[in-house]
Amino acid sequence: MTNHLIEHFRSNTATNRPGKDWFSPLSGWLLSTLVALEEDCGGTLLFAYKAGPLWRNAVAVAVATGNLDHHPETFLLRAHGEVDESRDAPSLRAQFAAAIQNMKPQHIVEAALDVLPPSLCGSLKKVGNEPLTTAQAYKRLVDLLGSTNAEDRARRRVLEQVNARLTDNLLQVIETVDLAVLTPTVATSIHDAGEAHRLNARLRAIRQLCSTANDQSLRESADAMGSNFNAGSFARSWLARADRLEPLGLPIDDAPDVTRINPAKAEDWGRRFRNCVSSYSHEMATGASAFFVIEALSVIVVLRLTDAGWMLVGVHTHGNGPVARAVVEAVKDRLSGLGVLCILPIKPKGPAASAISGFRRDIDWEFDFEGMSAWD
């Protein structure tokens, strides 16, 4: 702590006037910068502690855009039209520190930048008392607000409309989220850039799997969720409409008597077969499992992807009733010819088998053969 701060606290110990002697905390890179400037110009740190948040953020912009380290002369000329170059003149850093203490926030950013983005001061007010955690974040903010690129202008409009404190996370979200769904509500509902990237990945999958997923429909869907927007729920609701799944790469893709169930039709098939096949829409969309209907046998068959290919793991009939052995054999014969691995469960043999009941319940089988009872 510098002598100026110590003296200030010592002289005001008795009064301790709220709003006059209480300082907002400073930390991180901006504090380090101001401590260094204190060495060049005493009183700078005390001034910064007493200054308002907009002044601090304006100084952060000036430093982040290189005015202190790379071109202080330009800053000083813009600030008051001259640079003291006399023999006994203070250093340029000291002149910079002295100058900012006599400037309003608007004047600081005007001296710092070639062109002042019209909404910069408004955005700095949103940053508030806790500065952005890196100088680069201020540089990105200035670049975004001053860009003439169409995409950046769209992101800038969202930033200007956001009614929340501007943090590093919020800035990164606005810079990252797919423009199709980027609105002030969506931006403030996403926690960080990682979640924004995950949402973008889901949107790519949605566009690929859903024929109705254009920018307008995606935006309308996001808007409909309002302040309750949740990226996971948004993605699940769209994947439930998937109607163009990736083919399996097997002859079964083109078999005329075998119909693949996609999420968009899962509810209809669930009603026809009186089962819960629609609850597996997410598995269908992600490609973890595939569901096919063989109407001639009145069954829905379930395939699961393994390292050896697509494997038959389930056979279900109406109302999840028992499936006759002959029907399962017919399913096996049909699917085997279409490139599907068909390995059916059988009962274990030997004297120990009859003495141990329910042993399969104690084993964590990787595959559950649904609807297919073991037989001799």
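Here the structure is shown first, and the text comes after it.
Residues numbered from 1 in each chain as written. Predicted model: local features only at pLDDT ≥ 70, side-chain atom pairs only at ≥ 80, totals over all residues. Heavy atoms only, no water.

K.L.:
Please give an account of the packing of helix 14 (residues 215–225) against helix 15 (residues 231–239) that cites residues and values.
P.N.:
Packing of helix 14 against helix 15 brings their axes to within 11 Å, and their N-to-C directions diverge by 130 degrees. By the angle class used here, helix 14 and helix 15 are oblique. Crossing handedness for the pair helix 14 and helix 15: right-handed. From helix 14, Ser217, Leu218, Ser221, Ala222 and Met225 reach across to helix 15, where they touch Ser233, Phe234 and Trp238. In terms of residue class, the contact of helix 14 with helix 15 is built from five nonpolar, three polar and no charged. (Axes fitted to C-alpha atoms, helices over the stretch in contact; angles between N-to-C directions. Helix = DSSP H or I, 4+ residues; strand = E, 2+ residues; numbered from the N terminus. Parallel < 35°, antiparallel > 145°, perpendicular 65-115°, else oblique. Left-handed = near helix turned anticlockwise from the far one by under 90°. Contact = heavy atoms within 4.5 Å. Nonpolar A, V, L, I, M, F, W, Y, C, P; charged D, E, K, R; others polar.)

K.L.:
Describe in detail the packing of helix 2 (residues 28–40) against helix 4 (residues 53–64), supporting the description with residues and values.
P.N.:
Contact geometry for helix 2 and helix 4: axes closest at 11 Å, N-to-C directions at 80 degrees. Of the possible angle classes, the one that applies to helix 2 and helix 4 is roughly perpendicular. Only Arg56, Ala60 and Val63 of helix 4 make contact with helix 2, whose side of the interface consists of Trp29, Leu30 and Thr33. Among the residues forming the contact of helix 2 with helix 4, the class breakdown is four nonpolar, one polar and one charged.

K.L.:
Help me get a handle on the packing of aromatic side chains, residues and values and all.
P.N.:
Per the stated rule, a full pass over the model turns up six aromatic pairs. Ring centres of Phe75 and Phe96 lie 4.8 Å apart, and the angle between their planes is 45 degrees; this geometry places the pair in the tilted category. Here Phe96 lies in helix 6 (residues 92–100) and Phe75 lies in helix 5 (residues 72–80), a separation of 21 residues in the sequence. Just as Phe75 is buried, Phe96 falls in that class too. Ring geometry for Trp269 against Phe273: centres 6.3 Å apart, planes inclined by 50 degrees, an arrangement best described as tilted. On the criterion of helical spacing, the pair formed by Trp269 and Phe273 is a turn pair, its members being four residues apart in helix 16 (residues 263–273). Looking at Phe273, the relative accessible area reads 4%, which means it is buried. (Phe/Tyr/Trp six-rings, centres within 6.5 Å; stacked < 30°, edge-to-face > 60°. Buried < 20%, exposed > 50% of the residue type's maximum accessible area, 1.4 Å probe, protein only.)

K.L.:
Provide a residue-level description of the side chain of Asn200, including the pertinent values.
P.N.:
For Asn200, the position within the fold is in helix 13 (residues 193–209). With relative accessibility at 11%, the residue Asn200 sits in the buried group.

K.L.:
Lay out the pairing of strand 3 (residues 299–306) with the relevant residues and their values.
P.N.:
The buried fraction of strand 3 is high, at six of eight residues. Note that strand 2 (residues 289–294) and strand 3 share six bridges and pair antiparallel. Bridge pairing in strand 3 places Phe291 opposite Val302. Of the pairings in the sheet, the one linking strand 3 to strand 4 (residues 309–316) comprises seven bridges and is antiparallel in character. Considered in strand 4, the bridge of Leu305 is made with Trp310. Hairpin connection of strand 3 to strand 4: two residues between the antiparallel strands. (Pairing = 2+ DSSP bridges.)

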